[in-house]
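Observations on chain architecture
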Amino acid sequence: MAESRFLVVRNDEEQYSIWSADRELPAGWHDTGFAGSREECLAHIDTVWTDMRPRSVREALS
Amino acid sequence: MTDILSASAVQAEPLPWPDATLAELIAAQAARTPDAVAVRQWDDRLTYRELVDRAAGVAAALRVRGVGRQTRVGVCAERRPDLVVTVLGVLLAGGCYVPLEPGGPRARLRAIAADAGVRIVVGDAAAAEFGDAPGVETVAPPGPAPLAACPARPGDPAYVLFTSGSTGRPKGVLVSHRNVVEFATGCAALTGADAATRALGVASLGFDAAVIDLFVPLLLGGAVQLVGADDRADPARLTRFIADHGVNFGFMTPTVLSTLDPAEVPGWRTVLCGGEAVPAELAARWAPGRRFHNGYGPTETTVLAVSGELTGAEADPVPIGAPLPNHRAYVVDADLRPVPPGETGELLIGGPGLADGYLNRPGLTAERFVPDPFSGLPGQRLYRTGDLVTQAPDGRLVYLGRADRQVKIRGQRIELGEVEAVLAGLPGVDRVAVEAVDGPAGAELVAFLAPADAPDDAALRAYAEPRLTAAMRPARTLRLAALPVSPTTGKLDRPALRALAATARPAPADDAVPVGDDPVTRAVARVWARLLGAAPGPDTDFLAAGGNSVAAMRLVAALRAELGRVVDTRDVFTGRTLAGIVERIIAAAPDTGDGLTTGNPPTLSPPQRRLWFVDQLAPSSAPYNIAVAHRLRGDLDVPALGVALRSVAERHDVLRWRVPQTAGVPYAVREEPTDVAVPVVDLTGGADPEAELAQMLAAGAAHAFDLATGPPWQVTVYRLGVDAHVLAVTWHHAVFDGWSEAVFYDDLATAYAAAVTGGDPTLPALAATYADYAVWRAERDRRRGDADLAWWAEHLRGAPTALDLPRDRPRPAVQTYAGVEAAVTLPADADRAVRALAERRGTGVAAVLLAALGELLSRLTGGDDHVLGAIVADRRLAAFDDVVGFFIDTVPVRVRTGGASFAELVDRCAAELHEVTAHPGAPLERIVEALGVGRDTSRAPLVQVLFNVLNFAPPKLALAGLATESVPVPKPGSPFDITVYVVERGGRLGVEVVHNPDLFDADRIDALLADLAALAGALAAAADAPAAEVGAELPRPAVRTARLGAMTVAAPAEPARAVALPAGPDAPTDTEELIAGIWREVLERDRVGVTDNFFDIGGHSLALAAVHARLTAATGRSIAMLDLFRHPTVRALAAHLDGAADRPELARAALRAAARRSRTRRIPPRRPGGTA
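Not measured: the values here are computed from a predicted model.

**Overview of the overall build of chain A**
- Scanning chain A from terminus to terminus reveals two helices and three strands.
- Its helices and strands taken in sequence order, chain A reads β-β-β-α-α from the N to the C terminus.
- Burial status across chain A gives 39% buried among its 62 residues.
- In chain A, the proportion of contacts linking residues at least 24 apart, taken out of those at least 6 apart, comes to 43%.
- Only carbon and sulfur atoms are counted for the fraction: they give 47% of the accessible area of chain A, which is about 3,500 Å².

Below, the structure is given as structure tokens:
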């Protein structure tokens, strides 16, 4: 069985997650352009999601 | 969205919550109610003002060190009110607290601190745990400071909790103020918690249930009742804490809750239970009369996400309920597509409780927190719980298990992979697998190591202790040449491992015999074996043998109850091995806590009063004597023996007590030490000295002591030759018990050894005396008597109060105390089957034999519910260990059979034998009174069959220069119809009985015992079959059927009612007036009806004794106390007295005179100095 493909997705709080490439993206989530296996997507997120605070919290601080 | 309608999805109602931080809300509460108590631990209380002022001090100290918004600060504090101050201080500074619990594995603690980037650790234990940690500054809580505003915003993190992670590395969950405030608001709405809430603070700070403990009450103006470490470790202390602090609200895991008794904490009205599956049985026990909520929630969704109220009538698995306000739940398949209601799927949670994610673990966060395709709310996430649930037809969610390899051990979530990853690092281990299996004390971890010569338990323990928490350490380890692999998948065969773990439960090794006669070792070993399913050897490790903290709590509770030692779970974990634990118990200083006072004057204890009363009823019999004899070979120094015995009596003053009475109230008088008379009876000239000896020993054992004149014991030496003597000692049970025997022998040996060599035979004075016990006990019984009594009343509700076995003779109208002994040894196969079953069920053999006896009883009586008696040694304080005296309580044991397999019966009996030791505050007399058991002169109240498992190994008497050998002495009598002793003789289990020959023929008892042994073996061998169907031919018909006409009560020798009772509401006679007046005084009642039953209107044994004394004094006649029993109404007794007097006219005249006197001269009411 072919391995499922996933997308790296992000919401307006700039929180990352993954989503099955063949399903409609839920409202409020955006495709970041990175796709791959589950593990590849998670590894990618490990490198790009450097500040895990929600955007509203981050902005309130600065 | 259309598929959602037919999918398992539950959406809760919205509920607004304050948009503020925890610190702001608590400070606002403090401004409203500054003087209300915020935190309490016994006498240590913090008002809201004190809490906030002191927390402001902590915050100021932290700010100086650079702590501000979102700074993570370690909290390392003991469980004292300052813990709450410290946590609030971190929050007030704007920081986020990271629980670092003192006493945990240090390497893990430091790894967490490093992972969280903690630079500052605050708390009263910070310096001790982190003082030498590089790069970490420790701060002790300083004094109060003015409150400054909290710089944090609601979205900032409030705490980071580290939970077990699958990669072998714990993961930190980031939880915000908003998460917590929203949860606390919802929780209060659900439970009705308010400012009157006194919340139990029992969860460790590292467990998110602590949020319920701390923040729910503090946001509402309620008070945290913070349980200290010692109270937390012990069910009895925890119970006392809850009751004394008026706790009315609290969360507890089912494991801990199951160790408590709901009857003892009636004020705890709102119980939240969760953290692991809640058994229906637990809900049934706790739900009646209170609100009982099942709570479910991963740390990632902030404490609880799903909750539901449970009734007492749930079935396993009980529902976890519905989402909390503002939350939604979905049940999905592996592709995150909804499953229809009724099907199993993974539970996803959405709502404002969702944590931000895992600290510094973006990939893991993205994996577990996924986009929400169901709610239509833009940008929302759902947390994948990894838990399998199903939605029941009523809409409630039901938890079914873990989807991955997380398990719950004692409420803590453990990732098996994490444990495996750590163990794999141990040199010498090639492969490792860890599985959770059901153990005797809940789920336990079993580690499988390859190769077969992988490091041993000691090496594994040394390696695991600094790296794994107690719950993560394997309870047992099995070593295999290779781990089993599934032939189809090629993967590790985990089911095979679990099967292996279940069958490879440790068997008692050859050396695993509770060696020696030391009663402490034997008691610890016995309790240990019951809890862990196998008898320990001296070096067996408690944890390696399957022990865990719950098992340790049970061990401690049982040892306190059975052994009378003040033991702490710390003794178990520090001692570790059987020998180590015993050593700590023995070495423990005598406990002077728990209200023990010393230097008390002679004071009778309730059990002594009971025996005194039995003595009054049957003054010439001696069923309660304890008699021993020893053959002494060698040169016996009789004068030295006398000197030594005097020393023993000097040390144990209870041996110098006598018990006179005044006005029916017994009291103790202590005589000064005198030389102990040692009569020497010379049997050397007789035709058959041994036969004479046997006869004289029996006579000596049956000696009727007069407690009023004392002494309550006697010694005789029989001379059989120049170097051959027998030393016989008989004590009245009121001053002695089985435990006392070893104490007496040890002291006698010491004193005799000194005396024969002309040394000083004086023994050291005791730290506490029997009188100190009596006083301590009175206080203990006063304190917990009502709660214990309520437990007994509930426990025995509906139970039969009489047990009549098929017999050979009518029951004498007045109980006799004759006793005859009989015994049976189990056949080898029955012995094996009983032991194997005990091992399999994790119980003692006593539970198996009690269950077999219960089954036998139901076949004999046709009933399925019987009450027997058991013996409990009330030696709960170490200070009484060396004290000779009567520390024994008889307690009812309820055995319910019917509709169960034998294995279930054994479990019930094991639980029963354990539970009945835990309610010592209500002695048998109070229970009998509370149950309203009708008094009856023909039998002992409530308990007619005694099941005695307190079979202390016969202690050895060692006298200097003499070879000693115990000589059997016939038991002087039988206080019950039958007393059953569980014994072990020659490596074989057996049953010994003493029975009353006035009821039973010896043939019947012998056959009954043989059938009991056979039945026990058959039942144990077929333990899973319905018990009623096993060995249906047993017992034989001769045992089953009573002799014709024997199941009656014999007519009294003296007719009970020699005269007809006056009928109707006639004016009371003078005699009736006299008796009624005495009753009124003794019972402190304003009026007494002539037909009221004495025992129905508050009368009890000792009150009867008081009536007897007054009546005797008022009439100048000798009246048998039994007659008061037999004629329990004023009218019946008056009729008896008027009719039975030798010269009725004179007697009536005397009664009239006495009645006139009592009418004119009111005697002030006086109550006997204590209740029975």
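**Observations concerning the packing of helix H17 (residues 519–532) of chain B against helix H20 (residues 578–587) of chain B**
All names here are of chain B.
- Two elements in contact, H17 and H20, have axes separated by 10 Å at closest approach and are oriented at 130°. Taken together, the axes of H17 and H20 are oblique relative to one another. Between H17 and H20 lies a crossing of right-handed hand. Two secondary-structure elements touch here, H17 through Val520, Thr521, Val524, Ala525 and Trp528 and H20 through Leu578, Ile581, Val582, Ile585 and Ile586.
- When grouped by side-chain class, the residues that make up the contact of H17 with H20 number nine nonpolar, one polar and no charged.

**Considering the sheet that holds strand S40 (residues 962–967) of chain B**
Residues and elements named next belong to chain B.
- Strand order in the open sheet formed by five strands is S33-S34-S35-S28-S40, with mixed pairing between adjacent strands. Strands at the two margins of the open sheet, each flanked by one partner only, are strand S33 (680–682) and S40. In this sheet, adjacent strand axes meet at a mean angle of 25° when their direction is disregarded.
- For strand S28 (residues 625–634) and S40, the ladder comprises six bridges, and the chain directions are antiparallel.

**Digging into the interface of chain A and chain B**
- At the interface, 23 residues of chain A touch 28 residues of chain B.
- Counting the surface lost from both chain A and chain B, the interface buries some 2,100 Å², and carbon and sulfur atoms represent 59% of this.
- Here arginine 38 of chain A and glutamate 367 of chain B are joined by a salt bridge, their closest N and O atoms 3.9 Å apart.
- There are ten residue pairs in polar contact (both at pLDDT 80 or more) connecting chain A and chain B.
- Contributing elements (two or more residues each) for the side of chain A that touches chain B: strand S1 (6–11), strand S2 (16–20), helix H1 (38–48) and helix H2 (55–61) of chain A.
- Considered class by class, the residues forming the side of chain A that touches chain B number 15 nonpolar, four polar and four charged.

**Notes on the packing of helix H26 (residues 828–841) of chain B against helix H27 (residues 845–861) of chain B**
All names here are of chain B.
- It is the contact of H26 with H27, at a shortest axis distance of 8 Å, that shows an interaxial angle of 115°. Here H27 runs roughly perpendicular to H26, going by the angle between their axes. The chirality of how H26 crosses H27 is right-handed. Between H26 and H27, the contacting residues are Val834, Arg835, Leu837 and Ala838 on the first element and Val845, Val848 and Leu849 on the second.
- Looking at the contact of H26 with H27 residue by residue, the classes come out as six nonpolar, no polar and one charged.

**Quick notes on the pairing of strand S12 (residues 249–252) of chain B**
Residues and elements named next belong to chain B.
- Judged by which residues are buried, S12 turns out to be covered on both faces: Phe249 and Phe251 on one side and Gly250 and Met252 on the other are all buried.
- Looking at chain direction, S12 and strand S13 (residues 270–274) are connected through four bridges and run parallel. Note that in S13 the partner of methionine 252 across the bridge is cysteine 273.

**Side note on the sheet that holds strand S25 (residues 431–439) of chain B**
All names here are of chain B.
- Taken together, the three strands give an open sheet; going across it, the order is S25-S26-S27, and neighbouring strands pair in mixed fashion. Of all the strands in the sheet, just S25 and strand S27 (476–479) have a single pairing partner and so form its edges. Mean inter-strand twist for the sheet, computed between neighbouring axes without regard to direction, equals 25°.
- In this sheet, S27 lies alongside strand S26 (residues 442–450) in parallel orientation, the contact comprising four bridges. Note that in S27 the partner of phenylalanine 448 across the bridge is leucine 478.
- Where helix H14 (residues 416–423) meets the sheet, its contacts fall on S25 and S26, and the angle it forms with S25 comes to roughly 135°.

**Notes on the confidence of the model for chain B**
- In this model, chain B carries a mean pLDDT of 85, and residues with pLDDT of at least 70 account for 90%.
- Overall, residues 507–514 of chain B carries pLDDT values under 50, and its contacts beyond four positions in sequence, including any with other chains, amount to 13 contacts.

**A few points about the packing of aromatic side chains**
- For the structure shown, the criterion picks out 24 aromatic pairs over all chains.
- With a centroid separation of 5.6 Å and 40° between ring planes, the pair formed by tyrosine 16 of chain A and tryptophan 49 of chain A is classed as tilted. One end of the pair, tyrosine 16 of chain A, is in strand S2; the other, tryptophan 49 of chain A, is in the loop between H1 and H2, with 33 residues separating them in the sequence. Pair check on accessibility: tyrosine 16 of chain A and tryptophan 49 of chain A agree, each one buried.
- Relative to tyrosine 770 of chain B, the ring of tryptophan 657 of chain B lies with its centre 5.7 Å away and its plane at 75°, an arrangement referred to as edge-to-face. Taken as a pair, tryptophan 657 of chain B in strand S29 (residues 657–658) and tyrosine 770 of chain B in helix H25 (residues 770–795) lie far apart in primary sequence, 113 residues in all.
- For tyrosine 770 of chain B, a relative accessible area of 1% corresponds to the buried category.
- An aromatic cluster is present here, built from Trp657, Tyr770, Tyr773, Trp776, Phe880 and Phe887 of chain B joined pairwise through their rings.

**Some thoughts on the pairing of strand S38 (residues 888–896) of chain B**
Residues and elements named next belong to chain B.
- With eight of its nine residues buried, S38 lies for the most part within the structure.
- With nine bridges connecting them, strand S37 (residues 865–873) and S38 associate as antiparallel partners. For leucine 868, the partnering residue across the bridge sits in S38 and is valine 893.

**Comments concerning unusual backbone geometry**
- Cis geometry marks the peptide bond from alanine 450 of chain B to proline 451 of chain B, where omega comes out at 5°.
- In this structure, proline 711 of chain B follows glycine 710 of chain B across a cis peptide bond, with omega equal to -10°.
- Unlike most non-glycine residues, glutamate 14 of chain A shows phi in positive territory, near 60°.
- Along the chain, glutamate 14 of chain A turns up in the loop between S1 and S2.
- For glutamate 14 of chain A, a relative accessible area of 26% translates into the label partly exposed.
- Its identity as a non-glycine residue notwithstanding, leucine 336 of chain B has a phi of 60°, on the positive side.

**Some points on the environment of histidine 327 of chain B**
All names here are of chain B.
- Of note, histidine 327 is situated in the loop between strand S16 (319–323) and strand S17 (328–332).
- Take histidine 327: its relative accessible area is 2%, and that puts it in the buried class.
- Discounting chain neighbours no more than four positions away, the residues touching histidine 327 are Val10, Gln11, Ala12, Glu182, Ile349, Gly350, Gly351, Pro352 and Gly353.
- Within the structure, the side chain of histidine 327 is placed 2.9 Å from the backbone nitrogen of glycine 353, a separation counted as a polar contact.

Procedures and definitions
- Residues numbered from 1 in each chain as written.
- Chains lettered and ligands numbered in written order.
- Predicted model: local features only at pLDDT ≥ 70, side-chain atom pairs only at ≥ 80, totals over all residues.
- Heavy atoms only, no water.
- Helix = DSSP H or I, 4+ residues; strand = E, 2+ residues; numbered from the N terminus.
- Buried < 20%, exposed > 50% of the residue type's maximum accessible area, 1.4 Å probe, protein only.
- Contact = heavy atoms within 4.5 Å.
- Areas by Shrake-Rupley, 256 points an atom, 1.4 Å probe, with all protein chains shown as cover.
- Axes fitted to C-alpha atoms, helices over the stretch in contact; angles between N-to-C directions.
- Parallel < 35°, antiparallel > 145°, perpendicular 65-115°, else oblique.
- Left-handed = near helix turned anticlockwise from the far one by under 90°.
- Nonpolar A, V, L, I, M, F, W, Y, C, P; charged D, E, K, R; others polar.
- Pairing = 2+ DSSP bridges.
- Buried area = accessible area lost by both parts, 1.4 Å probe.
- Salt bridge = Lys/Arg side-chain N within 4 Å of Asp/Glu carboxyl O.
- Polar contact = N/O pair within 3.5 Å; in protein donor to acceptor, adjacent residues only side chain to side chain.
- pLDDT = per-residue confidence, 0-100.
- Phe/Tyr/Trp six-rings, centres within 6.5 Å; stacked < 30°, edge-to-face > 60°.

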